[in-house]
Amino acid sequence: MSPTLIKTKKRAAGALFAVALNQVQIHQTRPVGSAIASDSFSNDRRLWLHDSSALLRPIFRYLEIDSAHWPDLETTATSSHVKNHVGSFLRVLAEENDESSTKLEEQELALSKAVEAMESNISTSREYYERKKEKHRVYAHEWREKFLGNESMAETKKHLQKTEEKDCKSPHPEQAPAASTSEVEEKSFEEAKMIGNRRKVVVLYELLSACLADTPGDDINSKRSLEGYDARHRSALRLLTTWFDIKWIKMEAIEVFISCSAMAVLKQGDGKENENASDDSWEKWKRGGLIGAAAITGGTLMAITGAVVLHTCSSTGLAAPAIASGVGALAPTLGTVVPVIGAGGFAAVASAAGSVAGSVAVAASFGAAGAGLSGAKMARRTGSVDEFEFKAIGENHNQGRLAVEIMVAGFVFDEADFVRPWEGENDNMERYALQWESKHLIAVSTAIQDWLTSRIAMEMMKQGAMMTVLSSLLTALALPAALLTLTDIIDSKWSIAVDRSDKAGKLLAEVLVNGLQGNRPVTLVGFSLGARVIFKCLENLAESGHVGIVERVVLLGAPVAIKDEKWEAVRKVVSGRLINAYSTNDWTLGVAFRASLLSQGLAGIEPVDVPGIENVDVTEVIEGHSSYLWGTREILDRLDLDAYYPVFKVTHTKSPDTT
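Residue numbers run consecutively from 1 along every chain, following the written order of its sequence. Only residues with pLDDT of 70 or above have their local features reported here, since the model is predicted, and side-chain atom pairs are shown and tallied only from 80 upward, although totals for entire chains, interfaces and linings are computed over all residues. To obtain the side-chain values, all non-hydrogen atoms of the structure were included, while hydrogens and water were left out.

## Re the overall build of the protein chain
Turning to step 1, where the next piece is worked out: When its secondary structure is counted, the protein chain shows 23 helices and nine strands.
Turning to step 2, where the next piece is worked out: For every residue, the accessible area obtained with a 1.4 Å probe (protein chains only) is divided by the maximum for its type, and the residue is called buried under 20%, exposed over 50%, and partly exposed between those limits. The 659 residues of the protein chain split such that 59% are buried.
Turning to step 3, where the next piece is worked out: By the convention used here, residues are in contact when the closest approach between their heavy atoms is within 4.5 Å. By sequence separation, contacts in the protein chain at least 24 residues apart represent 81% of the contacts at least 6 residues apart. Each helix is a run of DSSP H or I of at least 4 residues and each strand a run of E of at least 2, with the numbering of both proceeding from the N terminus.

## Details of the side chain of E255
Turning to step 1, where the next piece is worked out: Turning to its location among the elements, E255 is positioned in helix α11 (residues 248-273).
Turning to step 2, where the next piece is worked out: Overall, E255 belongs to the buried group, its relative accessible area being 2%.
Turning to step 3, where the next piece is worked out: Reaching out from E255, the side chain makes a polar contact with the side chain of Y229 at a distance of 2.8 Å.
Turning to step 4, where the next piece is worked out: Excluding residues within four positions of it along the chain, E255 makes contact with L208, Y229, R234, W248, G400 and L402. Polar contacts here mean pairs of N or O atoms no more than 3.5 Å apart (in protein, one a potential hydrogen donor and the other a potential acceptor; neighbouring residues in sequence count only if both atoms are side-chain atoms).

## Observations regarding the packing of helix α5 (residues 102-122) against helix α9 (residues 197-212)
Between two packed helices, what matters for the description is the angle formed by their axes and the separation of those axes.
Turning to step 1, where the next piece is worked out: As a rule, the C-alpha atoms of each element are fitted with a line to give its axis, helices using only the stretch in contact, and angles between N-to-C directions run from 0 to 180 degrees. Their axes nearest at 9 Å, the elements α5 and α9 cross at an angle of 80°. In this view, α5 runs roughly perpendicular relative to α9, as classed from their interaxial angle. Contact residues: α5 offers E108, L109, L111, S112, V115 and E116, while α9 offers N197, R198, R199, V201, V202 and Y205.
Turning to step 2, where the next piece is worked out: All amino acids are sorted into three groups, where Ala, Val, Leu, Ile, Met, Phe, Trp, Tyr, Cys and Pro are nonpolar, Asp, Glu, Lys and Arg are charged, and the leftover types, Gly among them, are polar. Across the contact of α5 with α9, the residue classes break down as six nonpolar, two polar and four charged. To sort the angles, those under 35 degrees are grouped as roughly parallel, those over 145 as roughly antiparallel, those from 65 to 115 as roughly perpendicular, and the leftovers as oblique.

## Observations concerning the sheet that holds strand β6 (residues 522-527)
Turning to step 1, where the next piece is worked out: Taking strand neighbours across the sheet as the criterion, the seven strands line up as β3-β5-β4-β6-β7-β8-β9 in an open arrangement whose pairing is mixed. Both edges of this open sheet fall to β3 (388-393) and β9 (613-617), since each of them pairs with a single strand only. Here the strands of the sheet are splayed against their neighbours by 20° on average, with no regard to which way each runs.
Turning to step 2, where the next piece is worked out: We treat two strands as partners when DSSP finds at least two bridges between them. Of the strand pairs in this sheet, strand β7 (residues 550-556) and strand β8 (residues 578-582) are connected by four bridges, and their pairing is parallel. Directly across from V553, in β8, lies its bridge partner L578.
Turning to step 3, where the next piece is worked out: Of the strands in this sheet, β6, β7, β8 and β9 touch helix α23 (residues 628-639), which is tilted by about 135° from β7.

## A short note on unusual backbone geometry
Turning to step 1, where the next piece is worked out: At A54, a residue that is not glycine, the phi angle is positive and equals roughly 55°.
Turning to step 2, where the next piece is worked out: As for its position among the elements, A54 is in the loop between α1 (7-29) and α2 (57-62).
Turning to step 3, where the next piece is worked out: For E64, which is not glycine, the phi dihedral falls at a positive 60°.
Turning to step 4, where the next piece is worked out: As for its position among the elements, E64 is in the loop between α2 and α3 (70-77).

## Description of the confidence of the model for the protein chain
Turning to step 1, where the next piece is worked out: Per-residue pLDDT for the protein chain averages 73, and the proportion of residues at 70 or more is 62%.
Turning to step 2, where the next piece is worked out: What pLDDT conveys is the predictor's confidence in a given residue, as a value from 0 to 100. Low pLDDT, under 50, characterises residues 273-324; the predicted model gives this stretch 120 contacts beyond four residues in sequence or across chains.

## Quick notes on the side chain of T242
Turning to step 1, where the next piece is worked out: With respect to the element layout, T242 can be found in helix α10 (residues 231-244).
Turning to step 2, where the next piece is worked out: A polar atom in the side chain of T242 sits 3.2 Å from the backbone oxygen of R238.

## With respect to the environment of A18
Turning to step 1, where the next piece is worked out: Along the chain, the position of A18 falls in helix α1.
Turning to step 2, where the next piece is worked out: Given a relative accessible area of 0%, A18 falls into the buried group.
Turning to step 3, where the next piece is worked out: C-alpha separation for the pair A18 and I59, spaced 41 residues apart in sequence, amounts to 9.1 Å.
Turning to step 4, where the next piece is worked out: The contacts of A18, once residues within four sequence positions are left out, are L49, L56, F60, L73 and A77.

## Description of α5
Turning to step 1, where the next piece is worked out: In this analysis, the expected span of each helix is defined as 1.5 Å times one less than the number of residues it contains. Between its first and last C-alpha atoms α5 spans 31 Å; for 21 residues at 1.5 Å apiece the expected length is 30 Å, and the two agree.
Turning to step 2, where the next piece is worked out: When we look at burial in α5, the residues that qualify are L104, Q107, E108, A110, L111, S112, A114, V115, A117, M118, E119 and I122.

## Let's talk about the pattern of salt bridges
Turning to step 1, where the next piece is worked out: Whenever a carboxyl oxygen of Asp or Glu lies within 4 Å of a side-chain nitrogen of Lys or Arg, that contact is scored as a salt bridge. In the structure shown here, the tally under the stated rule is 30 salt bridges.
Turning to step 2, where the next piece is worked out: Residue R238 pairs with D642 through a salt bridge whose shortest N-O separation is 3.9 Å. Residue R238 is located in helix α10, and its partner D642 is located in the segment after α23; the two are separated by 404 residues in the primary sequence.
Turning to step 3, where the next piece is worked out: K566 is the partner of E543 in a salt bridge, and the nearest nitrogen-oxygen pair spans 3.0 Å. Here K566 lies in the loop between β7 and α20 (567-571) and E543 lies in helix α19 (residues 529-544), a separation of 23 residues in the sequence.
Turning to step 4, where the next piece is worked out: By relative accessible area, which is 54% here, E543 ends up exposed.
Turning to step 5, where the next piece is worked out: What you see here is one network of salt bridges that share partners, running through R234, R238, E255, E551, R552 and D642.

## Re the nonpolar core
Turning to step 1, where the next piece is worked out: As used in this record, nonpolar core signifies buried Ala, Val, Leu, Ile, Met, Phe, Trp, Tyr and Cys residues forming a set joined through side-chain atoms within 4.5 Å. Ranked by size, the top nonpolar core spans 85 residues in total, and within it F388, I406, W436, L524 and L538 carry the most contacts.
Turning to step 2, where the next piece is worked out: Among the elements that take part in this core, helix α18 (residues 484-513) stands out by supplying nine residues, more than any other.
Turning to step 3, where the next piece is worked out: Membership of the second largest hydrophobic core comes to 67 residues, among which are L56, I195, I254 and L402.

## A few points about the packing of aromatic side chains
Turning to step 1, where the next piece is worked out: Centres within 6.5 Å are what make two rings of Phe, Tyr or Trp a pair, Trp counting through its six-membered ring; a difference in plane orientation under 30 degrees is then read as stacked, over 60 as edge-to-face, and the rest as tilted. One pass over the full model with this rule turns up nine aromatic pairs.
Turning to step 2, where the next piece is worked out: Between F60 and W70 the ring centres are 6.0 Å apart and the planes differ by 40°, which places this aromatic pair in the tilted class. Here W70 lies in helix α3 and F60 lies in helix α2, a separation of ten residues in the sequence.
Turning to step 3, where the next piece is worked out: For F60, a relative accessible area of 0% gives the class buried.
Turning to step 4, where the next piece is worked out: A connected cluster of aromatic rings, assembled from ring pairs, spans W422, F527 and Y628.
Turning to step 5, where the next piece is worked out: Whether a charge lies above a ring is judged from NZ of Lys or CZ of Arg, which has to be within 6 Å of the ring centre and within 35 degrees of the ring normal. Lying over the aromatic face of W248, R238 brings its terminal NZ or CZ to 4.0 Å of the ring centre.

What follows is the structure, encoded as structure tokens:
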């Protein structure tokens, strides 16, 4: 184990992580910021802190905290005096090391410099981001001109502002959680200012290493149920960065730094075991999975049985040297990529990261099963699903990213629409778009659009009648006769698409359970029927008891009923934020899904009254259902998913009439 933290600081770090882990679980079912009642530690095996969950005690064991202190730390983590406890542990971490700890300080410096270099390397340049943003603006303008004029006309908007304002609001405004669509100040602690940036980096590095390790337990209850990087651990680390008052990208840099170390070790091992392999064998290995069969333990990197087997490695159980060797092997490459540190600087990091106190044997796999998501063409595997394929997006593939984002479009007019809404997004995850049942989605989207261009629809929109239709549906009044034509056109196509979305959701759950994403935390984002795919995926995960896979979820314009759906169960399989983004003027969705809307409510046009779900009104951005094709990126930017606490940045515009 790396000796960069002395004993008292290891205990404080473990205690902080325990408190964060418990707070994350509480926030699943209680509004963030609400008063928390005193909950003494119990034998409830559903608690994330319980020894049977294998989420906390392996962390204590990795940090070499005396087992006699574990029950006290667990009890402290469930105390109602969270602020006081966090502050006291932060003060312990801020204390200076004694005079004999010069070597530790040098190691802190080396590690922090390496992480800073990695952060600089993975940061998106302003120029690059602006180019992507401009490209998206052109795309948005093109599609807005093409579609929006048929769905949300200027005359309709003016009419609604004057005469339909009341009807446009949610029928149950009191159900929307307070501040769900306003900026929420991130909660940091004054004591965090006492801790230097180097110490914060070391603490996060140690805790992440502990999360990735699978240390041997004392009994069967201590055995980890999920290999790899648990989403609940990542959510706790996200909360810790907030308490430390540092940006999340710093944690992502630590993730990449550790995974690069793993890849370096694998490369070194590949060279020894496959001396006659071709020069491009490492590139082949990287293409096959994030870091192959590698994993981090308390100083030891190993490949394990059952991990990825690629062209360059035909056996499992391949032993690898200590993580220090990995950093050292990668030093020349990193020195070239980041000259400010140089190979010598990364060699120093190897010394800081790799001192081993004993040998810890079992590794946690990050390898993607089979060919990974890119190879997951699962046509005709479930029922009548004919198309189910992942498309890689962005430049972060095979770049050591320890989190995956899967995006699902559900209102498309050609195959390119499965990818276009997600291009250019500024994040550091490995990203994929799911292309599914394009034939049926294009058919229903086109049918709706064809009706929107009809004479009846144009006349109704000119008269400002569409929002009256939506408000009528919300109050369970009769459907206007003029819309009967619409029901004839789209009903059969819509029902087929809904059925396929449910089956695609089951397939997506299978993909995640089977670890095709490489046992890394997953963020799921989808709009329209794509949001329904995600919801059904979460339902299947809840039913099968698979937790710790999904970190965050964003449902945009979701055609999912509010009543009689398993929202509470779904919420508990998402470790972090679960966001329901709705637009109160999405009459297209309201009419298309009217059968459920009349009796059960609809998530895509109103808030979901379930504790722990973050409801966000995006009516300001979404002028019609097709707007999700080009407006999704703006919504995601405003949500700031890297933040732990709910955020939705509202654009404050000045009225033309204001003087």
